[in-house]
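Residue-level structure breakdown
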Amino acid sequence: MRGLSSLESQYGLPEGLLSSVMNTESRGNPNAVSPKGALGAFQFMPDTAKQYGIDPLDPEQAASGAARMYHDLLTKYDGDVPSALAAYNWGQGNVDKKGLQNAPEETRNYIANVMSGMQTNQRGIGSAL
């Protein structure tokens, strides 16, 4: 299986982003299902998984889909990682209409957790697929 760092390099993502997102979303469980219906290690909603043409329960497809989605989000938000994280967690429409400063506590905590995990990963302590 392709490593997460390889996908980060291919899609121009910050080091440790995918591993931290995966660990924050599901603790790396490829079979995770949220109460809201998000699926897999990266917790894709079914419509988003369909948009990216992936099976969210397939670890390789989910990682590739997450890499492509984060590439798209970082492009949309001019490289602003917190905005991209908020859009992934809270939805692009909410970020666009309400602004990052109005994100709910869950999303603010999500951003903090992923950013912290990225720093841990950059020190070589994180995990990868």
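Residues numbered from 1 in each chain as written. Predicted model: local features only at pLDDT ≥ 70, side-chain atom pairs only at ≥ 80, totals over all residues. Heavy atoms only, no water.

**Looking at the overall build of the protein**
Quick reminder of the rule: Secondary structure elements follow DSSP: runs of H or I of four or more residues count as helices, runs of E of two or more count as strands, with numbering from the N terminus. Atoms counted for the radius of gyration: C-alpha only. Globule rule: 2.2 Å times residue count to the power 0.38. The rule is simple: take the accessible area with a 1.4 Å probe, protein chains only, and divide by the maximum for that residue type; under 20% is buried, over 50% is exposed, in between is partly exposed. Note on definitions: a residue-residue contact is assigned when non-hydrogen atoms from the two residues lie within 4.5 Å. Here the Shrake-Rupley method, with its probe set to 1.4 Å, supplies the accessible areas, and only the displayed protein chains count as covering residues.
Helices and strands together make up the secondary structure of the protein, namely seven helices and zero strands. Secondary structure elements of the protein occur, N-terminal to C-terminal, as α-α-α-α-α-α-α. Scaling as 2.2 N^0.38, a compact globule of 129 residues should have a C-alpha radius of gyration of about 14 Å, and the protein matches this with 13 Å. The dimensions of the protein, computed from C-alpha atoms along their principal axes, are 40 × 30 × 25 Å. Across the 129 residues that make up the protein, the buried fraction comes to 41%. Taking as baseline every contact in the protein between residues at least 6 positions apart, the subset at least 24 positions apart corresponds to 41%. Taken as a whole, the protein presents about 6,800 Å² of accessible surface, with 47% of it coming from carbon and sulfur.

**With respect to the layout of surface pockets**
Sizing a probe to match a water molecule and rolling it over the atoms shows the empty space that remains. Defined as follows: Residues are said to line a cavity or pocket when one of their atoms sits within 4 Å of a point; the points come from a 1 Å grid over protein atoms alone, cavities being sets where a 1.4 Å probe fits but cannot get out and pockets being open sets with protein on both sides within 12 Å along at least five of seven lines. Grid points are joined across faces, edges and corners, and a volume is the space filled by probe spheres set on the points.
By volume, the largest pocket is sized at about 630 Å³. Taken together, 26 residues form the lining of the largest pocket, with E25, Q43, Y88, N89 and W90 sitting closest to its centre. Counting only elements with at least two residues in the lining of the largest pocket, the list comes to helix 2 (17-26), helix 3 (46-51), helix 5 (81-90) and helix 7 (105-122). Sort the elements by how many residues they give to the lining of the largest pocket and helix 7 lands first, with five residues.

**Observations concerning the packing of helix 4 (residues 59-76) against helix 5**
A pair of packed helices can be characterised by two numbers: the angle between their axes and the separation between those axes. Heads up, the condition is: The convention used is that axes are lines fitted to C-alpha atoms, helices contributing only their stretch in contact, and that angles between N-to-C directions extend from 0 to 180 degrees. Here is the rule for angles: anything less than 35 degrees is roughly parallel, anything more than 145 is roughly antiparallel, 65 through 115 is roughly perpendicular, and the remaining ranges are oblique. The sense of a crossing depends on the near helix, which, turned anticlockwise from the far helix by less than a right angle, makes the crossing left-handed and, turned clockwise, makes it right-handed.
Two elements in contact, helix 4 and helix 5, have axes whose closest approach is 9 Å; the angle formed by their N-to-C orientations is 125°. Taken as axis vectors, helix 4 and helix 5 run oblique relative to one another. Handedness of the crossing formed by helix 4 with helix 5: right-handed. Along its contact with helix 4, which presents A66, M69, Y70, L73 and L74, the element helix 5 presents V81, A84, L85, A87 and Y88.

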